[in-house]
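Now for the letters of each chain:
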Amino acid sequence: MVDILAAPQQAKADSALRTLTGISVAHWVSHFHIFVLPMLFPFLKQQLGVGYVELGFALTVFAVVSGLTQAPIGYLADHIGARKILLIGLTVGGCALIGLGLHLSYTSLIVCAVLLGLANSVYHPADYAILSAHMDEARMGRAFSIHTFAGFLGGAVAPAIMAALVASIRGPGALIVAGAVGPLVALFLIVLGIPDAGANKNKPKDDAAPKASVVTPALMVLTAFFTLLSLSTSGINNFGVVALMGGYGASFSTANIALTAFLGASAAGVLAGGYLADWTHRHSQLAAACFAVNAVLVLLIALMNLPPVVLTLAMGLAGFLGGVIAPSRDMMVRNAAPPGAAGRAFGIVSTGFNFGGIVSPLLFGWIMDQHMPHWVFGASVVFMVLTVLLASVTEHKPQASAGAIQAKAR
């Protein structure tokens, strides 16, 4: 009898593990593909005969397209199925890079950026819709943390992978191989049997039942919250090395070690944050507390010329605390999403990341052009304080999840 009762639970756990594995691999691809073009800038500059401004414009196109399409893609994920949208995104992103590898031109680069931006808009709405519907409620925070960690890992290994590919099969071959990863992972997800979410699966049978609007004040505040999160860290990510070298006399190696500590500790913090997100329901307060400490650490870095070891430790701790809040951040969105609208909710709030990605290079680049490297960290502190203040008004009681609704129905 015990074995009979345990069998369904074991099957459910195995299905959840397959789902988390597949979705995390897809998120790895998304961050890997984001870094493919920047890692090939030296090759593309030489082959296409263009400057860094033209190459940077391609990244701006990518960010704008991704930002404009996040919310519509979230709507599609909820209405035609998140699995279908995810498979299409993996394939489109991969084919974009393959096409550029087969036909190198600046026009092809811009087309590739457009298609990559469209593909990138798929991952957050589709991934989170599937995870929200199929992960164990008690382990949802840890599931989100593993998913986020996989994305961090994809970006972290992209430079080494692309460098090895260029050295062995040159630039066009590197583009083709990097692109082929997308369709191959799509095929892997099909074989793995990734479940679907959305497609009105949880639509009430009573047609007269009122439809909840996904454009709620809570989600609008969370979109602003995501924008501030992006602005709080992107300046350090992109301009931290040059700021430390230009304003604090740090050597190139010291600055890079400090930034590596910041990024590496962020990934470790994400995993730790998953346990904290499952332990507490006060996700906004956890986020506010971590970012408050972060603001103090970054302020110290901005105001003081720290010794290399202390600088690395401070950057590492700041990165760790920044990573800790990621699962709680995602839980805040899930709790604010109306039932059956996880795809649209994550699609809407993720536009905040895209907006931050558009504004941040311009803002922090201007700061460096004005010879104010200390303000790379100072402006980050300002955005962190604003993030802490906004987090205090984003607490939202959890909505009944799709899984919980189905459980009650049974």
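Residues numbered from 1 in each chain as written. Predicted model: local features only at pLDDT ≥ 70, side-chain atom pairs only at ≥ 80, totals over all residues. Heavy atoms only, no water.

## Quick notes on the packing of aromatic side chains
How two aromatic rings sit relative to each other is set out by the distance from centre to centre and by the angle between their planes.
Now for step 1: Overall, the coordinates contain 7 aromatic pairs when judged by the stated rule.
Now for step 2: With 5.0 Å between their ring centres and 15° between their planes, Trp28 and Phe32 make a pair best called stacked. One end of the pair is Trp28 and the other is Phe32, both in helix 1 (residues 2–39) and 4 residues apart, which spans about a single turn.
Now for step 3: Looking at Phe32, the relative accessible area reads 2%, which means it is buried.
Now for step 4: Ring-pair connections join several aromatic residues into one group, and the members of that group are Tyr128, Phe144 and Phe346. (Phe/Tyr/Trp six-rings, centres within 6.5 Å; stacked < 30°, edge-to-face > 60°. Helix = DSSP H or I, 4+ residues; strand = E, 2+ residues; numbered from the N terminus. Buried < 20%, exposed > 50% of the residue type's maximum accessible area, 1.4 Å probe, protein only.)

## Looking at unusual backbone geometry
Now for step 1: Positive phi, close to 65°, is recorded for Arg170, a residue that is not glycine.
Now for step 2: One non-glycine residue with positive phi stands out, namely His371, at about 60°.
Now for step 3: A relative accessible area of 69% places His371 in the exposed class.

## Comments concerning the pattern of salt bridges
Now for step 1: Tallied over the full model, the rule gives 4 salt bridges.
Now for step 2: In this structure, the salt-bridge partner of Asp78 is Arg344, at a minimum N-O distance of 2.8 Å. Here Asp78 is found in helix 3 (residues 52–80), whereas its partner Arg344 is found in helix 11 (residues 342–369), with 266 residues between them in sequence.
Now for step 3: Residue Arg139 is joined to Asp136 by a salt bridge in which the shortest nitrogen-to-oxygen separation is 2.8 Å.
Now for step 4: Asp136 sits in the partly exposed class, given a relative accessible area of 38%. (Salt bridge = Lys/Arg side-chain N within 4 Å of Asp/Glu carboxyl O.)

## So, the confidence of the model for the protein chain
Now for step 1: In the predicted model, the protein chain carries a mean pLDDT of 84, and 88% of its residues have values of at least 70.
Now for step 2: Taken element by element, the predicted model of the protein chain shows its lowest mean pLDDT in helix 13 (residues 402–409) (41) and its highest in helix 4 (residues 82–102) (96).
Now for step 3: Note that residues 204–210 has pLDDT below 50 and, in this model, 1 contact with residues that lie over four places away or in other chains.
Now for step 4: Per-residue pLDDT stays below 50 along residues 397–410; that stretch engages in 15 contacts with residues further than four places along the chain or on separate chains. (pLDDT = per-residue confidence, 0-100. Contact = heavy atoms within 4.5 Å.)

## Remarks on helix 4
Now for step 1: Its 21 residues place the ends of helix 4 30 Å apart at the C-alpha level, agreeing with the 30 Å of an ideal helix rising 1.5 Å per residue.
Now for step 2: For helix 4, every residue scored as buried is listed here: Ala82, Ile85, Leu86, Leu87, Gly89, Leu90, Gly93, Gly94, Ala96, Leu97, Leu100 and Gly101. (Expected span 1.5 Å × (residues − 1).)

## What to know about the packing of helix 7 (residues 217–248) against helix 9 (residues 283–303)
Now for step 1: Running from N to C, helix 7 and helix 9 point in directions that differ by 20°, and their axes come no closer than 13 Å. Taken together, helix 7 and helix 9 sit at an angle that is classed as roughly parallel. Like other packed secondary-structure pairs, helix 7 and helix 9 cross with a definite hand, here left-handed. When helix 7 is examined against helix 9, the residues Phe225, Leu229, Ser232, Thr233, Ile236 and Tyr248 are found in contact with a partner set consisting of Ala287, Phe291, Val298, Ile301 and Ala302.
Now for step 2: Its residues placed into classes, the contact of helix 7 with helix 9 shows 9 nonpolar, 2 polar and no charged. (Axes fitted to C-alpha atoms, helices over the stretch in contact; angles between N-to-C directions. Parallel < 35°, antiparallel > 145°, perpendicular 65-115°, else oblique. Left-handed = near helix turned anticlockwise from the far one by under 90°. Nonpolar A, V, L, I, M, F, W, Y, C, P; charged D, E, K, R; others polar.)

## A look at helix 5 (residues 106–134)
An α-helical turn contains 3.6 residues, so a residue and the one three or four places further along point in the same direction.
Now for step 1: In this model helix 5 runs 42 Å from its N-terminal to its C-terminal C-alpha over 29 residues, within 8% of the 42 Å that 1.5 Å per residue would give.
Now for step 2: Among the 29 residues of helix 5, 21 are classified as buried, and the element is accordingly described as predominantly covered.

## A word on the environment of Phe43
Now for step 1: With respect to the element layout, Phe43 can be found in helix 2 (residues 41–48).
Now for step 2: Classification of Phe43 by relative accessible area gives buried; the value is 13%.
Now for step 3: A sequence separation of 127 residues divides Phe43 from Arg170, and the C-alpha atoms of the two residues are 8.9 Å apart.
Now for step 4: In this view, Phe43 contacts Leu104, Gly171 and Pro172; residues no more than four positions away in its chain are not counted.

## Considering the packing of helix 3 against helix 4
Packed helices, taken two at a time, are described by their axes: the angle between them and the distance between them.
Now for step 1: Between helix 3 and helix 4, whose axes approach to 6 Å, the crossing angle comes to 130°. Here helix 3 is positioned oblique relative to helix 4, judged by the angle of their axes. Seen from helix 3, the contacting residues are Ile73, Leu76, Ala77 and Ile80; seen from helix 4, they are Ala82, Lys84 and Ile85.
Now for step 2: Of the residues assigned to the contact of helix 3 with helix 4, the class counts are 6 nonpolar, no polar and 1 charged.

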